[in-house]
Amino acid sequence: PPPSSSSSHDAAPLGNNGNGSAAPLNSTWAPTTFDETDETSGSNVLLSRQNATKELIAYVLAAVIFGVGVAVVSGGDASQEYFAGYLLEQSLSVDNLLVFVLIFRYFKLPMFLQKRVLNYGLWGAAIARLV
């Protein structure tokens, strides 16, 4: 039976148990869904892998359309520079995700707190670059 509640002192890594609370994960760390708090209503929104895939395809398609627009307006060289930069940034993002996963697993950070921690890191990096 699934645990009724979970605390940050559990020995196993934490993840989504499907009802919005954190529960220990099995040996594989690959949840099919994740919780995200809707900032307007404060309720939890369950994002499925299918919806996440559709969202990813939409963002990549938007980037490709933008790159084609750059080619039309500024020429092929500018478009090649854009796509090279886009691919470089995507590869660096994947590298960062690996680091985040390792850090979150080490500190056993519950799934529902990960977005908040990532936002703190984002704002901290932006402020640090301003200084």
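Residues numbered from 1 in each chain as written. Predicted model: local features only at pLDDT ≥ 70, side-chain atom pairs only at ≥ 80, totals over all residues. Heavy atoms only, no water.

Trainee: Just give me the short version of the overall build of the protein chain, but keep the residues and values in it.
Mentor: Looking only at helices and strands, one finds 3 helices and 4 strands in the protein chain. Listing the helices and strands of the protein chain from first to last along the sequence gives β-β-β-β-α-α-α. Per-residue burial for the protein chain yields a buried fraction of 13% across its 131 residues. Taking contacts inside the protein chain between residues at least 6 apart in sequence as the whole, the part at least 24 apart equals 27%. (Helix = DSSP H or I, 4+ residues; strand = E, 2+ residues; numbered from the N terminus. Buried < 20%, exposed > 50% of the residue type's maximum accessible area, 1.4 Å probe, protein only. Contact = heavy atoms within 4.5 Å.)

Trainee: Give me the packing of aromatic side chains: which residues, what numbers.
Mentor: With the rule as written, the count across this model stands at 5 aromatic pairs. Plain terms: the ring middles of Phe 100 and Phe 104 are 6.3 Å apart, the flat faces sit at 20° to each other, and that makes the pair stacked. Linking Phe 100 with Phe 104, this pair stays in helix 2 (residues 76-106), spanning 4 residues, or about one helical turn. Among the residues examined, Phe 104 registers a relative accessible area of 9% and is labelled buried. Pairwise contacts between aromatic rings join Phe 66, Tyr 82, Phe 83 and Tyr 86 into one cluster. (Phe/Tyr/Trp six-rings, centres within 6.5 Å; stacked < 30°, edge-to-face > 60°.)

Trainee: Any details on the environment of Val 60? Residues and values, ideally.
Mentor: Inspection of the secondary structure assignment puts Val 60 in helix 1 (residues 49-74). By relative accessible area, Val 60 is classed as partly exposed at 34%. For the pair formed by Val 60 and Tyr 86, sequence separation is 26 residues and the distance between their alpha carbons is 9.9 Å.

Trainee: With reference to specific residues and values, describe the packing of helix 1 against helix 2.
Mentor: Where helix 1 contacts helix 2, the two axes come as close as 7 Å, and the packing angle between them is 155°. Taken together, the axes of helix 1 and helix 2 lie roughly antiparallel to each other. Two secondary-structure elements touch here, helix 1 through Val 60, Ala 63, Val 64, Phe 66, Gly 67, Val 68, Val 70, Ala 71 and Ser 74 and helix 2 through Gly 76, Ala 78, Ser 79, Tyr 82, Phe 83 and Tyr 86. Tallied by class, residues from the contact of helix 1 with helix 2 come to 11 nonpolar, 4 polar and no charged. (Axes fitted to C-alpha atoms, helices over the stretch in contact; angles between N-to-C directions. Parallel < 35°, antiparallel > 145°, perpendicular 65-115°, else oblique. Nonpolar A, V, L, I, M, F, W, Y, C, P; charged D, E, K, R; others polar.)

Trainee: Hey, could you go over unusual backbone geometry for me, with residue numbers and the actual values?
Mentor: Not every positive phi belongs to a glycine, and Lys 108 is a case in point at roughly 50°. Within the secondary structure, Lys 108 sits in the loop between helix 2 and helix 3 (111-130).

Trainee: Can you break down a nonpolar patch on the surface residue by residue, with the values?
Mentor: A cluster of nonpolar side chains, Leu 56, Val 60, Val 64, Val 68, Val 72 and Val 73, forms an exposed patch at the surface whose accessible area comes to about 560 Å². Along the chain, the position of Leu 56 falls in helix 1. A relative accessible area of 53% means that Leu 56 is categorised as exposed. (Patch = residues over 30% accessible without salt bridge, like charges linked within 9 Å, V, L, I, M, F, W, Y side chains within 5 Å. Areas by Shrake-Rupley, 256 points an atom, 1.4 Å probe, with all protein chains shown as cover. Salt bridge = Lys/Arg side-chain N within 4 Å of Asp/Glu carboxyl O.)

Trainee: Please provide a residue-by-residue account of helix 1, values included.
Mentor: The end-to-end C-alpha distance of helix 1, which contains 26 residues, comes to 37 Å, matching closely the 38 Å that a straight helix rising 1.5 Å per residue would cover. Those residues of helix 1 that fall on the buried side of the exposure criterion are Ala 63, Gly 67 and Val 70. Along its buried surface, helix 1 packs onto helix 2. Where helix 1 ends, the next residue or the one after it, Gly 75, has phi of about 100°, a positive value. (Expected span 1.5 Å × (residues − 1).)

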